[in-house]
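# Chain and residue survey
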Amino acid sequence: MPDPNGFLRYDRRLPARRPVPVRISDWREVYPPAGEELIREQATRCMDCGIPFCHDGCPLGNRIPDWNDLVRTGNWDAAVDSLHATNNFPEFTGRLCPAPCEAACVLGLGGQQPVTIKQVEVEIADAAVARDGLRPRPASVSTGRSVAVVGSGPAGLAAAQQLARAGHTVTVYERDDAIGGLLRYGIPDFKLEKQHIDKRLAQLTAEGVRFRTGVEVGVDVTAEQLRAGHDAVLLACGALQGRDTPETPGRALRGVHQAMAHLVAANRVVAAAGDGKPAPATLPDGTPIDAAGKHVVIIGGGDTAADCLGVAHRQGAAGVHQLDLYPEPPAERDAARDPWPTWPWVLRNYPAHEEGGERVFAVAVQEFVDDGTGQVRAVRIAEVTVEKVDGRRIVTALPGSEREIPADLVLLAIGFEGTEEQPLLAQFGVTRNGRGAIDSGPDWQATDGVFVAGDMHRGASLIVWAIAEGRAAAAAIHTYLGGVGDLPAPVDPARQPLAAR
Ligand SMILES: Cc1cc2nc3c(=O)[nH]c(=O)nc-3n(C[C@H](O)[C@H](O)[C@H](O)COP(=O)(O)OP(=O)(O)OC[C@H]3O[C@@H](n4cnc5c(N)ncnc54)[C@H](O)[C@@H]3O)c2cc1C
Ligand code: SF4
């Protein structure tokens, strides 16, 4: 029986982050482990309200009140089992999820701070590793059926694990030199140390999943070959087509880059250093891309922009500005606009923001300014208002508001336009929809025997959605292959986040 008064006795508390001067001198994670006493106290704040809206907030349907109570009472093994029953990779979501479950926590209704669900989750996930090192759970019987998974991000990996555990032979094809999708070279180590991916991969490998890196499907292996060698194919290629701004004067100047170019180069440096092979941060063509000593301007306000900010500080930037088109959001939920339990539009302060830099809201870049040699030296910005008219975004610059911000390195973190146009699409006979994503039927099939999941299906989203879609697509593939029984399917292809509008 949960403690109905825990939230009255304890305030919401998170573990202290590592001090800024210490953490920006390395690439280690920002949060240290919480410690058992704190996490059991925080789990006690969950009153098991009876109708846990957090379940609906979480696309995976994580059994949050159940594992909160198991942690409260010190039943860690049972908590690990309960969490793994719905989530293949809680060590990823517990570190990286923005936690829509917390926005839907019933404590928020009464003006209380939500339970630290995500923190409890990561502590359970780490307890699993500490206790039995992620014990493999291989299938006892093989079905003799074979599945190709294209793309090794969280969607592809979740599907691969579900299908392998159901007895199917699974091969994951990844064009990169390492497995993990955006978790590997997109998201920096200070948010997710790569040892967590490697430990999970060891488990998947022991469960029979085969990995083929450096293989671009559509180029190195054709769709026809893949179809001939497997009974079903899952496409989980992500939504990696970065949005650009080709119409802005000066876009072609040296020093103006897509954010992902900067992040991937930086992550590769950290990976190489960990392997004992120090290397400078460069683009694939060898062009240096490093913020050391530079004035950096990051354009965009989301996860990617915050990650660039943290990287720039760790590389030793002289100064960083982060520009956002929209006005500064409110600090608290505006209930008229975003009523509980929906995801509110509020100012989100990532750990990277307390490390330095200046955020500038309601501005748009008018020009990237040339230093006379073809290298950017500044961005010229104007204050703007943004309106939606007939579904279209209208940005209006305020006359006389223009000014320059010094910039040696400009990073475009203005979103993604869906999955990349690549040979694989035509070979499988699928086309991008208006959002650049690949549509599927209600059974996740994009075309006969070819399924789609994750960002490639829903557009750039979150890890928790990628895992949920990977699990659901695996369930559909299992049925398609005539597998015995049902696998869990937490979402259907039309499922959207909780919203009031
Ligand atoms: C910088 C950044 C930070 C983020 N931070 C967060 C965060 O903090 N929290 C959060 O919840 N979400 C975050 N996200 C979003 C999250 O990473 C994605 O939603 C998630 O990774 C999508 O998973 P996926 O498996 O669908 O695709 P991806 O992770 O994109 O993986 C797709 C994989 O497919 C491979 N591939 C593509 N085409 C082929 C081919 N033809 N052959 C073989 N392989 C191919 C790619 O190389 C890639 O490895 C972030 C995204 C970015 C860009
Ligand atoms: S995966 Fe995300 S939404 Fe689900 S319980 Fe964990 S933090 Fe909450």
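Residues numbered from 1 in each chain as written. Chains lettered and ligands numbered in written order. Predicted model: local features only at pLDDT ≥ 70, side-chain atom pairs only at ≥ 80, totals over all residues. Heavy atoms only, no water.

### Some details on the overall build of the protein
When helices and strands are counted, the protein shows 18 helices and 15 strands. By the compact-globule yardstick of 23 Å for 501 residues, the protein fits well, its C-alpha radius of gyration being 23 Å. Along the three orthogonal principal directions, the C-alpha set of the protein runs to about 70 × 60 × 55 Å. For the protein, the proportion of its 501 residues judged to be buried stands at 51%. (Helix = DSSP H or I, 4+ residues; strand = E, 2+ residues; numbered from the N terminus. Rg over C-alpha atoms; globule rule 2.2 N^0.38 Å. Buried < 20%, exposed > 50% of the residue type's maximum accessible area, 1.4 Å probe, protein only.)

### Here's the deal with the site of ligand 1
In the vicinity of ligand 1 lie 37 residues, with Leu96, Glu174, Lys191, Gln422 and Asp455 positioned nearest. Take Asp455: an N or O atom from its main chain is 2.8 Å from an oxygen atom of ligand 1. In this structure, an oxygen atom belonging to ligand 1 sits 3.1 Å away from a main-chain N or O atom of Ser461. A total of 1000 Å² of accessible area belongs to ligand 1 in isolation, and the protein chains cover 97% of it. Listing elements by their share of the shell around ligand 1, those giving two or more residues are helix H10 (154-165), strand S2 (169-174), helix H14 (259-274), helix H15 (303-315) and helix H18 (463-480). Counting residues per element, the shell around ligand 1 draws most heavily on H15, which supplies three residues. When its residues are assigned to classes, the shell around ligand 1 shows 20 nonpolar, ten polar and seven charged. (Near = heavy atom within 4 Å. Polar contact = N/O pair within 3.5 Å; in protein donor to acceptor, adjacent residues only side chain to side chain. Areas by Shrake-Rupley, 256 points an atom, 1.4 Å probe, with all protein chains shown as cover. Nonpolar A, V, L, I, M, F, W, Y, C, P; charged D, E, K, R; others polar.)

### Re the packing of aromatic side chains
Applying the stated criterion to the full structure yields four aromatic pairs. Of note, Arg314 hangs over the ring of Phe190, and the distance from its end group to the ring centre comes to 3.9 Å. (Phe/Tyr/Trp six-rings, centres within 6.5 Å; stacked < 30°, edge-to-face > 60°. Lys NZ or Arg CZ within 6 Å of the ring centre and 35° of its normal.)

### Let's talk about the pairing of strand S11 (residues 392-397)
Two strands pair when backbone bridges link them, and strand S10 (residues 376-389) and S11 are joined in this way by six bridges, in the antiparallel orientation. Within S11, the residue paired with Lys388 across the bridge is Arg393. The turn linking S10 back onto S11 is made up of two residues, and Asp390 within it adopts a positive phi angle of 50°. (Pairing = 2+ DSSP bridges.)

### Considering the packing of helix H5 (residues 64-72) against helix H9 (residues 117-132)
At a minimum axis separation of 11 Å, H5 and H9 run at an interaxial angle of 65°. Considering the relative orientation of H5 and H9, their crossing is left-handed. Facing Ile64, Trp67, Asn68 and Val71 of H5, the residues of H9 in contact are Ile117, Val120, Glu121 and Ile124. Residue composition of the contact of H5 with H9, by class: six nonpolar, one polar and one charged. (Axes fitted to C-alpha atoms, helices over the stretch in contact; angles between N-to-C directions. Left-handed = near helix turned anticlockwise from the far one by under 90°. Contact = heavy atoms within 4.5 Å.)

### A look at the sheet that holds S2
With mixed pairing, the six strands of this open sheet are ordered in space as S3-S2-S1-S4-S15-S14. Strands at the two margins of the open sheet, each flanked by one partner only, are strand S3 (210-213) and strand S14 (445-447). Neighbour-to-neighbour, the strand axes of this sheet turn through a mean angle of 25°, independent of strand direction. Here four bridges tie strand S1 (residues 146-150) to strand S4 (residues 232-235), and the two strands are oriented parallel to one another. Bridge pairing in S4 links Ala148 to Val233.

### With respect to the packing of H5 against helix H6 (residues 76-84)
Orientation of H5 relative to H6, taken along the N-to-C sense of each, is 165°, at an axis distance of 8 Å. Regarding the angle of H5 to H6, the classification is roughly antiparallel. Judged by the twist between their axes, the crossing of H5 over H6 is left-handed. Of H6, the residues touching H5 (which contributes Asp66, Trp67, Leu70 and Val71) are Trp76, Ala78, Ala79, Ser82 and Leu83. (Parallel < 35°, antiparallel > 145°, perpendicular 65-115°, else oblique.)

### A word on the sheet that holds strand S7 (residues 319-323)
Spatially, the five strands line up as an open sheet ordered S5-S13-S6-S7-S8, and their pairing is parallel. Each edge of the open sheet carries a strand with a single partner, namely strand S5 (256-258) and strand S8 (358-360). Averaged over all pairs of adjacent strands, the angle between strand axes in this sheet comes to 20°, irrespective of strand direction. Pairing of strand S6 (residues 295-299) with strand S13 (residues 409-412), which is carried by four bridges, proceeds in the parallel orientation. Within S13, the position partnered with Val297 by the bridge is Val410.

### Notes on the site of ligand 2
Around ligand 2, a shell composed of Cys58, Asn62, Ile64, Thr93, Cys97, Ala99, Pro100, Cys101, Ile117, Lys118, Glu121 and Val464 is seen. Broken down by secondary-structure element, the contributors of at least two residues to the shell around ligand 2 are helix H8 (100-103) and H9. Counting residues per element, the shell around ligand 2 draws most heavily on H9, which supplies three residues. Tallied by class, residues from the shell around ligand 2 come to eight nonpolar, two polar and two charged.

### What about the pattern of salt bridges?
A full pass over the atoms with the stated rule returns 30 salt bridges. Residue Asp338 pairs with Arg337 through a salt bridge whose shortest N-O separation is 3.1 Å. According to the relative accessible area criterion, Asp338 is buried, its value standing at 6%. Classification of Arg337 as partly exposed rests on a relative accessible area of 36%. With a shortest N-O distance of 2.9 Å, Glu404 and Arg377 are connected by a salt bridge. (Salt bridge = Lys/Arg side-chain N within 4 Å of Asp/Glu carboxyl O.)

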